[in-house]
Amino acid sequence: MRKNSVKNIRINGEVQKALSEIIRSELKDPRVHPMTSVVQVSVTPDLKICKAYISVLADEEQAKDTIRGLKSAEGFIRTQLAKKVNLRNTPQIFFVLDQSIEYGVRMSKLIDEVTKNMPEEQEDDGTESEN
C-alpha cells in the first residue's frame with residue numbers, strides 16, 4: 001500500500017477521529033489539558049507506527065505535561081484504539097507536539113504589527129502618481 005493511497009488516507013482519518021474521542025472522553029489523566037486536539041495522524045502503510053500530532057491550547061509547560069500524560073497512557077489509548085478501529089495491526093502511537101497553530105498566530109501578529117506601522121503611501125502601491 002502506498003503512503004498516499006486512498007486506503008491510507010481513510011485509515012489516517014479514522015484513527016484521528018478515534019484518538020480525538022479517546023483523549024476527549026475516556027482519558028482521565030490530570031496532566032492532559034482539556035483543550036487538547038489531534039491535528040493530524042500519519043499511519044505507516046504497514047500499520048505498525050502512528051504519529052499523532054497534538055495541539056494544546058495552553059502555555060508551553062502545560063503542553064509538555066499533556067504530551068507526558070499521553071505518552072504514559074499510550075498502552076490504554078492503544079487498547080481503546082484497537083476496540084474502536086478494526087485494523088490488522090494496532091499501531092504503536094508516537095505523540096508529537098504540533099506548534100503550527102501557535103506559529104501561525106504569532107506570524108499573523110507580527111504581520112499586523114508591520115502593516116500597522118507602515119505609512120499609508122506604501123500600502124497603496126497599486127495607485128499611479130499624478131505627475
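In what follows, the structure referred to is the one given above.
Reading guide: rules and limits
Residue positions are given per chain, counting from 1 as you read along its sequence in written order. Local features in this predicted model are restricted to residues of pLDDT 70 or higher, and side-chain atom pairs are both shown and tallied only at a pLDDT of 80 or more, whereas totals for entire chains, interfaces and linings draw on every residue. With hydrogens and water stripped out, all remaining heavy atoms of the structure feed into the side-chain values. By definition, no residue in a patch forms a salt bridge, and every one has over 30% relative accessible area; like charges are joined within 9 Å, nonpolar side chains (Val, Leu, Ile, Met, Phe, Trp, Tyr) within 5 Å. Note on areas: Shrake-Rupley with a 1.4 Å probe; residue coverage comes only from the protein chains shown. The salt bridge definition used is simple: a Lys or Arg side-chain nitrogen within 4 Å of an Asp or Glu carboxyl oxygen. Secondary structure elements are taken from DSSP: a helix is a run of H or I of four residues or more, a strand is a run of E of two residues or more, and numbering for both begins at the N terminus. Here, strands pair whenever DSSP counts at least two bridges between them. Every angle, taken between N-to-C directions, lies between 0 and 180 degrees, and every axis is a line fitted to C-alpha atoms, over only the stretch in contact when it is a helix. Contacts: residue pairs with any heavy atoms within 4.5 Å of one another. One less than the residue count of a helix, multiplied by 1.5 Å, gives the span that helix is expected to have. Partly exposed residues are those whose accessible area sits between 20% and 50% of the maximum for their type, while under 20% is buried and over 50% is exposed, using a 1.4 Å probe and protein chains only. To be clear, the arc concerns the directions from the helix axis to the C-beta atoms.

Asks: Can you help me understand a nonpolar patch on the surface in this one?
Replies: Together, Val39, Ile101 and Val105 make up an exposed nonpolar region whose accessible area comes to about 220 Å². Tracing the chain through its elements places Val39 in strand β1 (residues 36-43).

Asks: What exactly am I supposed to notice about the sheet that holds strand β2 (residues 49-56) here?
Replies: Backbone hydrogen bonds are what pair the strands of a sheet, in a parallel or an antiparallel way. The strand order β1-β2-β3 describes an open sheet built from three strands, whose pairing is mixed. Where the open sheet ends on each side, the last strands, each with one partner, are β1 and β3 (92-97). For this sheet, the mean inter-axis angle between neighbouring strands, taken without regard to orientation, is 25°. In this fold helix α1 (residues 6-26) packs onto β1, β2 and β3, with an angle of close to 150° to the strand it touches most, β1.

Asks: Can you walk me through helix α2 (residues 60-72) in this structure?
Replies: Helical geometry: 3.6 residues make up each α-helical turn, so side chains three or four residues apart lie on a common side. Here α2 spans 19 Å end to end across 13 residues, near enough to the 18 Å set by a 1.5 Å rise per residue. Listed in full, the buried residues belonging to α2 are Ala63, Thr66, Ile67, Gly69 and Leu70. Seen along its axis, α2 keeps its buried residues to an arc of 160°; they face one direction. Of the surrounding secondary structure, the elements contacted by the buried residues of α2 are α1, β1, β2, α3 (74-84) and β3.

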